[in-house]
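# Summary of the model geometry
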Amino acid sequence: SGAKNAYQLISMAYEKADRAALKSLLSAEVFAAFDAAITARTGTPPVFAGLKEARLAGASLQDGEAEITMAFTADFTGGDTARTVTDVWTFGRRVDAADPNWTLVATGGDLPG
């Protein structure tokens, strides 16, 4: 459920070009990619319409760094068009970190917009 919430938060922050929200949820490398995509986009961005599916695609633990990879299928709308997108996102965190939050460290699949 945490990954689903993160996907929705990140998708909506991307849609709104809310860089402050994105910066707190993404690794520096992923933030740079999202920031560049926001800067490059023209017109109205796609609107997150709903998450259809979220499934575990993999998990690992190495040297105190945990990663979980999720495959998300979601609907996005824009104007009079709608499309279904599949994103494969990897979240990571240090297992000994005081902060329990996970950070988006890698993306794959279709990024809306």
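Whatever comes next refers back to the structure up there.
Residues numbered from 1 in each chain as written. Predicted model: local features only at pLDDT ≥ 70, side-chain atom pairs only at ≥ 80, totals over all residues. Heavy atoms only, no water.

### Quick word on the pairing of strand 1 (residues 47-62)
- Across 13 bridges, strand 1 lies against strand 2 (residues 65-78) in antiparallel orientation. Across the sheet, residue E53 finds its bridge partner in strand 2, namely T73. (Pairing = 2+ DSSP bridges. Helix = DSSP H or I, 4+ residues; strand = E, 2+ residues; numbered from the N terminus.)

### Notes on unusual backbone geometry
- Positioned with a positive phi, A17 is a non-glycine residue whose angle comes to about 55 degrees.
- The residue A17 is located in the loop between helix 1 (2-15) and helix 2 (19-25) in this model.
- Phi is positive for D63, close to 50 degrees, though the residue is something other than glycine.
- Inspection of the secondary structure puts D63 in the loop between strand 1 and strand 2.

### Some remarks on the nonpolar core
- Counting 21 residues, the largest nonpolar core has I10, L22, L26, F34, W89, F91 and L104 as its most contacted members.
- Listing elements by their share of this core, those giving two or more residues are helix 1, helix 3 (28-40), strand 2 and strand 3 (81-94).
- Top contributing element to this core by residue count: helix 1, with 6 residues.
- Ignoring sequence-local partners within four residues, the contact set of L22 consists of I10, A13, Y14, F31, F34 and I38. (Core = buried A, V, L, I, M, F, W, Y, C linked by side-chain atoms within 4.5 Å. Buried < 20%, exposed > 50% of the residue type's maximum accessible area, 1.4 Å probe, protein only. Contact = heavy atoms within 4.5 Å.)

### Regarding the pattern of salt bridges
- All chains considered together, the criterion is met by 2 salt bridges.
- The residue D35 makes a salt bridge to R19 at a minimum N-O spacing of 2.3 Å. Of the two residues, D35 sits in helix 3 while R19 sits in helix 2, which places them 16 residues apart along the sequence.
- One salt bridge in this structure joins D96 and R94, with 3.4 Å as the shortest N-O distance.
- Take D96: its relative accessible area is 57%, and that puts it in the exposed class.
- Relative accessible area serves as the criterion here: at 36%, R94 is assigned to the partly exposed category. (Salt bridge = Lys/Arg side-chain N within 4 Å of Asp/Glu carboxyl O.)

### What to know about the packing of aromatic side chains
- By the definition in use, this model includes 9 aromatic pairs.
- Relative to F76, the ring of F48 has its centre 5.6 Å away and its plane inclined at 65 degrees; by these criteria the two rings are edge-to-face. Within this pair, whereas F48 is found in strand 1, its partner F76 is found in strand 2, the two being separated by 28 residues in sequence. Across this residue pair, the class does not change: F48 and F76 are buried.
- One cation-aromatic arrangement involves R41 over Y14; the distance from NZ or CZ to the ring centre is 4.8 Å.
- Looking at R93, its charged tip hangs above the ring of W102, at a distance of 6.0 Å from the centre. (Phe/Tyr/Trp six-rings, centres within 6.5 Å; stacked < 30°, edge-to-face > 60°. Lys NZ or Arg CZ within 6 Å of the ring centre and 35° of its normal.)

From the geometry alone we can't say anything about function, so treat these as descriptive.
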